[in-house]
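Here is what each chain is made of, one letter per residue.
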Amino acid sequence: MTETNIQPLMNKKMMVRTAILVGLMGILIGAVYFYNKNKDDWDDLAKADTNGWLTAIESGADGDQVVFVKPDGTIVHDKSYVAGSYDRELTWSPDGNKAFFISDRLKDAKSGTRSVHVFRWNASNEESQARTSVGRSRSNPTFPVGEGAASDTVLLVSGGEVLELDPKTKTTSVVLPPRTSEGGKVAGEGEGKQGAFASAYGDIGTSFRLARWCKGKQWIAAIMHREEGDILVCQSMTQHDGKYDPPIPLVAGEHIDLTVSPATGAIFFAVRDFQWPTKEPPKEWVKEGKVTRPFAHIIGSFDMDPKSQSKVVLVAPSEKICFGSPAVSPDGKQIIAVVGDYSGDGGISPNGLLIMPSEPVRGIEPKGLVRGLISDPSWNPNGHQILFLKRDQDNVRSIFRVTPDSSSPPEPLTKGKLNYSTPLFSPQTK
């Protein structure tokens, strides 16, 4: 072989070796990036088949703990649960792999006091993990539903503010009141809180109790505490000329329950003991110096559009009847809600479960779905089943399911002496 023939062959080998080396370097860089991104959170990578599963909180002599319930009735307990702790405010991640909840399991080593933080339990693992562990107590973790539900960040409340938590990095940022610190950096917890509340919410409420993403992440609907009961506000998260629009005070009452339609992103709310959301009620409702109101207890809706008006879905026939815990079907066409006697101070003594169209239809009245001491209703993501709790004569709360057309009697899913709360179907469905 001549030198002329050898040289191109050597160049070709060098090119192949260089290409292999570049490829290996790319794989190595990718592996390092993947490792650094997930080194503290391998639990998040595990996938779980939870189709047909539900999660709930089981109450026993040792406290309240989150459990998974499989389709065959098998109950799975969290092996990291600390006896005497109280898990609550349960929700699923949008992918159906994990349950998120808050718990007072963490105890300060010096003082011995407990603090309430966010935990995550991957259904493929035996133990849950704390996703927050420092700072103020947390409450009401939620994810977006419907459009934008792929978000892997959690909206929660802490110290009266609304925060967004990245469970992977365990970092939080303030969402409401909306504000930025110098240089446009998102403010940390507590930074400028007093001034932000005074400027944006000082005339509305004192602190946030619950917040939900709507229309993907374009809006937030939030319930605030005020001197007399609750007030529901809607906040656009779109900036105009670097500023946010003022919040919209929508409705007020002694107590408000809130849910979001998975299909439309509209909000539905149950108000007990209606109050005007503004300091000065409409003049037509002030008669001889006395403030009047059009109703006492309602279910209403709002489509998160400042140009639209809120709608009344259902009005209680008397001040003695009220509603609670509304939940919207996956297709957005139906609502279920607890109905009961108004017990005063925003409370409800339940006596049944109603189902009705989400848009009032002439001639179609709400239908009683189940009778009894009902609470915590929720939908299967396929819309074919409804979960709820029913308290029996022995004062035990068991989980039941029923079809929306009540074509068959409610079926008990748990039996025995233990109490349950917050039953929720997995978002996974086939």
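Quick summary incoming for the structure in this document. What you see is a predicted model; the values in this text were computed from it and never measured.

What follows covers the sheet that holds strand S2 (residues 63-69). Strands sit in the order S3-S2-S1-S31 across an open sheet of 4 strands; the sheet is antiparallel. In this open sheet, the two strands that pair with only one neighbour each are strand S3 (75-77) and strand S31 (419-425). Ignoring which end each strand starts from, the neighbouring axes of this sheet average 30° apart. Across 3 bridges, S2 lies against S3 in antiparallel orientation. Considered in S3, the bridge of Val 67 is made with His 77.

What follows covers the sheet that holds strand S22 (residues 311-315). Strand order in the open sheet made by the 7 strands is S12-S13-S14-S17-S18-S21-S22, with antiparallel pairing throughout. Either end of the sheet is taken by a strand with one partner, and the two such strands are strand S12 (207-214) and S22. Across this sheet, the average inter-strand angle for adjacent strands is 40°, counted without regard to direction. Both strand S17 (residues 248-260) and strand S18 (residues 267-275) contribute to a ladder of 8 bridges, which runs antiparallel. Bridge assignment links Ile 256 to a residue of S18, and that residue is Val 271.

On a regular strand, each side chain points to the face opposite its neighbour's, so the side chains alternate between the two faces of the sheet. Most of strand S29 (residues 397-402) is tucked away, with 5 of its 6 residues classed as buried. Taking the residues between adjacent antiparallel strands as the criterion, strand S28 (residues 386-391) and S29 are bridged by 5 residues, where Asn 395 takes a positive phi near 70°. Relative to strand S30 (residues 411-412), S29 is paired through 2 bridges, and the arrangement is antiparallel. Across the sheet, Phe 400 pairs through a bridge with Pro 412, a residue of S30.

The full count for this structure, using the stated rule, is 13 salt bridges. The partner of Lys 215 in a salt bridge is Asp 303, and the shortest N-O contact between them spans 3.1 Å. Note that Lys 215 is positioned in the loop between S12 and strand S13 (219-225) and Asp 303 in the loop between strand S21 (297-302) and S22, a separation of 88 residues in sequence. Arg 401 is the salt-bridge partner of Glu 411, the closest N and O atoms lying 2.9 Å from each other. With Glu 411 in strand S30 and Arg 401 in strand S29, this residue pair connects regions lying 10 residues apart in the sequence.

Moving on, we get to the layout of surface pockets. For the second largest pocket, the calculated volume is near 340 Å³. In terms of lining, the second largest pocket is formed by 14 residues, of which the most central are Asp 203, Ile 204, Arg 226, Glu 227 and Lys 279. Of the residues assigned to the lining of the second largest pocket, the class counts are 4 nonpolar, 5 polar and 5 charged.

Considering all chains together, one arrives at 10 aromatic pairs under this definition. Ring plane angle 15° and centroid distance 5.8 Å describe the contact between Phe 101 and Phe 119, whose orientation is recorded as stacked. Separated by 18 residues along the polypeptide, Phe 101 in strand S5 (residues 98-107) and Phe 119 in strand S6 (residues 114-122) bring together distant segments of the chain. Arranged with centres 5.7 Å apart and planes meeting at 15°, the rings of Phe 388 and Phe 400 form a pair that is stacked. On the criterion of sequence distance, the pair formed by Phe 388 in strand S28 and Phe 400 in strand S29 is long-range, its members being 12 residues apart. Overall, Phe 400 belongs to the buried group, its relative accessible area being 16%. Lying over the aromatic face of Phe 119, Arg 105 brings its terminal NZ or CZ to 5.2 Å of the ring centre.

The next subject is the environment of Trp 53. Within the secondary structure, Trp 53 is located in the loop between helix H1 (3-38) and strand S1 (54-60). Taking relative accessible area as the criterion, Trp 53 reaches 12% and is therefore assigned buried. Residues Trp 53 and Pro 71 lie 18 residues apart in sequence; the distance between their C-alpha atoms is 5.7 Å. Look past the residues within four positions of Trp 53 in its chain and what remains in contact with it is Phe 68, Val 69, Lys 70, Pro 71, Ala 123, Leu 424, Phe 425 and Ser 426.

This part covers unusual backbone geometry. A negative phi holds for most residues other than glycine; trans holds for most peptide bonds. With an omega of -5°, the peptide bond running from Leu 176 to Pro 177 counts as cis. Here Pro 177 lies in the loop between strand S11 (171-176) and helix H2 (193-200). Phi angles above zero are rare outside glycine, and Lys 170 is one such case at about 65°. Here Lys 170 lies in the loop between strand S10 (161-166) and S11. Phi is positive for Asp 376, close to 55°, though the residue is something other than glycine. One can find Asp 376 in strand S27 (residues 373-379).

About the thresholds
Every residue gets a number counted from 1 within its own chain, in the order that chain's sequence is written. Local features in a predicted model are, by the rule used here, given only for residues with pLDDT of at least 70; side-chain atom pairs are given and counted only at 80 or more, and totals for whole chains, interfaces and linings are based on all residues. Heavy atoms from the whole structure form the basis of all side-chain values; hydrogens and water molecules are not counted. Criterion used throughout: strands pair if DSSP finds at least two bridges between them. Secondary structure counts use DSSP, requiring at least four H or I residues in a row for a helix and at least two E residues in a row for a strand, with both numbered from the N terminus. Axis lines are fitted to C-alpha atoms, over the contacting stretch for helices. Their N-to-C directions set the angle, which ranges from 0 to 180 degrees. Accessibility here uses a 1.4 Å probe with only protein chains present; expressed as a share of the type maximum, an area under 20% marks a residue as buried, one over 50% as exposed, and anything in between as partly exposed. Here a salt bridge means any side-chain nitrogen of Lys or Arg lying within 4 Å of a carboxyl oxygen belonging to Asp or Glu. Throughout, the protein atoms alone are placed on a 1 Å grid, and a set of points is a cavity if a 1.4 Å probe fits but cannot get out or a pocket if it is open with protein on both sides within 12 Å along at least five of seven lines; lining residues have an atom within 4 Å of a point. Grid points are joined across faces, edges and corners, and a volume is the space filled by probe spheres set on the points. Residues are sorted three ways: Asp, Glu, Lys and Arg are charged, Ala, Val, Leu, Ile, Met, Phe, Trp, Tyr, Cys and Pro are nonpolar, and all the rest, Gly among them, are polar. Aromatic pairs are defined between Phe, Tyr and Trp rings, using the six-membered ring for Trp, whenever the two ring centres lie within 6.5 Å; interplanar angles under 30 degrees are classed as stacked, those over 60 as edge-to-face, and all others as tilted. Two conditions define a charge sitting above a ring: the NZ of Lys or the CZ of Arg must be within 6 Å of the ring centre, and it must be within 35 degrees of the ring normal. A contact between two residues is defined here by any heavy atoms of the two lying within 4.5 Å.

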